Amino acid sequence: VPGYEGITWTAVGAPARTPRAAIERLNREFNAALQLPDIRERLAFGGSVVIGGTPEQFRDYLKAEPIQGRNAVPRIRLALASPAA
C-alpha cells in the first residue's frame, strides 16, 4: 500500500512508583543483553532491528509517533511520564 509503514515495537514496563534506581538497573541490563551476539542474531533472524535506549527516549518516541502513539497509549493505559525519581 503506497504511503503505509508498518512498525512493531517491544518494550519492558514496570509498575508505577518503581524506584528510579531499579528502572536504571533494568534498563542497563536489558540494553547489555541486546548487545549480545546470540541475542542480536535471534532477533535479526525474526526480522527485528535492535535499538535499545532509555525510558525517556521511548517515552519521547511514543509522544512523537503521530498515529500509533496517540491511539495506542490511551488504549493500553500507558503513562508517558518520566519514571519516578
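Keep in mind that what you see is a predicted model, and the values were worked out from it rather than measured.

Thresholds, definitions, all that
- Residues numbered from 1 in each chain as written.
- Predicted model: local features only at pLDDT ≥ 70, side-chain atom pairs only at ≥ 80, totals over all residues.
- Heavy atoms only, no water.
- Helix = DSSP H or I, 4+ residues; strand = E, 2+ residues; numbered from the N terminus.
- Buried < 20%, exposed > 50% of the residue type's maximum accessible area, 1.4 Å probe, protein only.
- Contact = heavy atoms within 4.5 Å.
- Areas by Shrake-Rupley, 256 points an atom, 1.4 Å probe, with all protein chains shown as cover.
- Phe/Tyr/Trp six-rings, centres within 6.5 Å; stacked < 30°, edge-to-face > 60°.
- Salt bridge = Lys/Arg side-chain N within 4 Å of Asp/Glu carboxyl O.
- Patch = residues over 30% accessible without salt bridge, like charges linked within 9 Å, V, L, I, M, F, W, Y side chains within 5 Å.

Points about the overall build of the protein
- Per the secondary structure count, the protein includes four helices and zero strands.
- Listing the helices and strands of the protein from first to last along the sequence gives α-α-α-α.
- Within the span of the protein, comprising 85 residues, buried residues form 11% of the whole.
- Partitioning the intrachain contacts of the protein with sequence separation of at least 6 by distance along the chain shows that 50% fall at a separation of at least 24.
- As displayed, the protein offers around 7,100 Å² of accessible surface, 59% of which is attributable to carbon and sulfur atoms.

Details of the packing of aromatic side chains
- Going through the model one piece at a time under the given rule, you end up with two aromatic pairs.
- Each ring, one from W9 and one from F58, has its centre 4.9 Å from the other, and the planes form 75 degrees; the classification is edge-to-face. Taken together, the positions of W9 in the segment before α1 (20–33) and F58 in helix α3 (residues 55–64) put the pair 49 residues apart, joining distant regions of the chain.
- Accessibility expressed as a relative area gives 33% for W9, which makes it partly exposed.
- With a centroid separation of 6.4 Å and an interplanar angle of 20 degrees, the aromatic rings of F58 and Y61 are classed as stacked. Taken as a pair, F58 and Y61 lie in helix α3 at a separation of three residues, close to a single helical turn.
- Residue F58 is classed as partly exposed on the basis of its relative accessible area of 26%.
- Of the aromatic side chains, those joined through ring pairs into one cluster are W9, F58 and Y61.

A closer look at the pattern of salt bridges
- Under the defined criterion, the tally for this structure stands at four salt bridges.
- The partner of R20 in a salt bridge is E56, and the shortest N-O contact between them spans 2.7 Å. Of the two residues, R20 sits in helix α1 while E56 sits in helix α3, which places them 36 residues apart along the sequence.
- Taken together, the salt bridges that share partners define one network made up of R20, E24 and E56.

Here we look at a nonpolar patch on the surface
- Residues I7, W9 and Y61 make up a contiguous nonpolar surface patch of roughly 250 Å² in combined accessible area.
- A relative accessible area of 31% places Y61 in the partly exposed class.

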